[in-house]
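These are the residues of each chain, in order.
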Amino acid sequence: MARPTTPITLTPEQQDLLERIARSRETPHSLVLRTQMILQAAQGVHNKKMSEHLGVCEETVSFWRKRWLDGQVDLAKAAGHPKTLREVVGRLLADRPRPGSPGLFSAEQVCRIIALACETPPEHLSHWTHADLAREVVHRQIAGTISTSTIGRFLKSGGFEAPSYPILAEP
């Protein structure tokens, strides 16, 4: 026999917000799926049936049900404050930060490096190389140190490519 699950009770405000999230076409699929799990759990659907209907494993349904139940205190505090409630729901149904080392460069530093690469190089250079850019980044104190491969990654990530088709009409 299956273990009994703790029922989820939603306030009308929570129900309305979750239904809007579930219907949204701009919301990431993972958030819509988690929202559907909470809505179905509130309707009394069991984990096994829900997992079959949504195409996820039972452990996933159980995990998000438990996460929602653990956040009841925060949800209660946000009652009557739609903006705060949306933030709390978003936080409850969001992925936890993944492990790994944090980035070494801020978005501002990356922007400044790309802007530097767009500048005309000094007179003694015909064009920027990755090594020249790395030296100039350190010289301008944009970053303490930076490798040439990191410079290359930043410049490649910009996605500056010519279109494969002519963008101007033929004369």
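Here the structure is shown first, and the text comes after it.
Residues numbered from 1 in each chain as written. Predicted model: local features only at pLDDT ≥ 70, side-chain atom pairs only at ≥ 80, totals over all residues. Heavy atoms only, no water.

Asks: Help me out: how do you make sense of the overall build of the chain in this one?
Replies: Within the chain, the secondary structure is distributed over nine helices and zero strands. Ordered by position from the N terminus, the helices and strands of the chain form the series α-α-α-α-α-α-α-α-α. The C-alpha radius of gyration computed for the chain amounts to 25 Å, which surpasses the reference 16 Å derived for 171 residues by more than 25%, pointing to a less compact arrangement than a globule. Once the C-alpha set of the chain is aligned to its principal axes, its extents read approximately 75 × 50 × 35 Å. Within the chain, contacts between residues separated by at least 24 positions form 51% of all contacts whose residues are at least 6 apart in sequence. For the chain, the accessible surface area stands at approximately 12,300 Å², while carbon and sulfur atoms represent 56% of it. Averaging the positions of the 21 positive and the 18 negative side-chain charges in the chain gives two centres separated by 8 Å. (Helix = DSSP H or I, 4+ residues; strand = E, 2+ residues; numbered from the N terminus. Rg over C-alpha atoms; globule rule 2.2 N^0.38 Å. Contact = heavy atoms within 4.5 Å. Areas by Shrake-Rupley, 256 points an atom, 1.4 Å probe, with all protein chains shown as cover. Lys, Arg positive; Asp, Glu negative; His and termini not counted. Charge placed at Lys NZ, Arg CZ, Asp CG, Glu CD.)

Asks: Is there a simple way to think about unusual backbone geometry in this case?
Replies: Keep in mind that most residues, glycine aside, have a negative phi and that most peptide bonds are trans. Even without being a glycine, Gln141 presents a positive backbone phi close to 60°. Structurally, Gln141 is set in the loop between α8 (130–139) and α9 (148–157).

Asks: Any chance you could explain the packing of aromatic side chains here in plain terms?
Replies: Given two aromatic rings, their pairing is described by the distance between the two centres and the angle made by the two planes. One pass over the full model with this rule turns up two aromatic pairs. Taking the centre distance of 4.9 Å and the plane angle of 90° together, the rings of Phe63 and Trp64 count as edge-to-face. Residue class for Phe63 comes out partly exposed when judged on its relative accessible area of 43%. Taken together, a centroid distance of 5.5 Å and an interplanar angle of 90° make the contact between Phe105 and Phe154 edge-to-face. Of the two residues, Phe105 is situated in the loop between α6 (82–92) and α7 (107–118) and Phe154 in helix α9; the sequence distance between them amounts to 49 residues. Note on Phe105: relative accessible area 23%, which makes it partly exposed. Under the relative-accessibility criterion, Phe154 is labelled buried at 14%. (Phe/Tyr/Trp six-rings, centres within 6.5 Å; stacked < 30°, edge-to-face > 60°. Buried < 20%, exposed > 50% of the residue type's maximum accessible area, 1.4 Å probe, protein only.)

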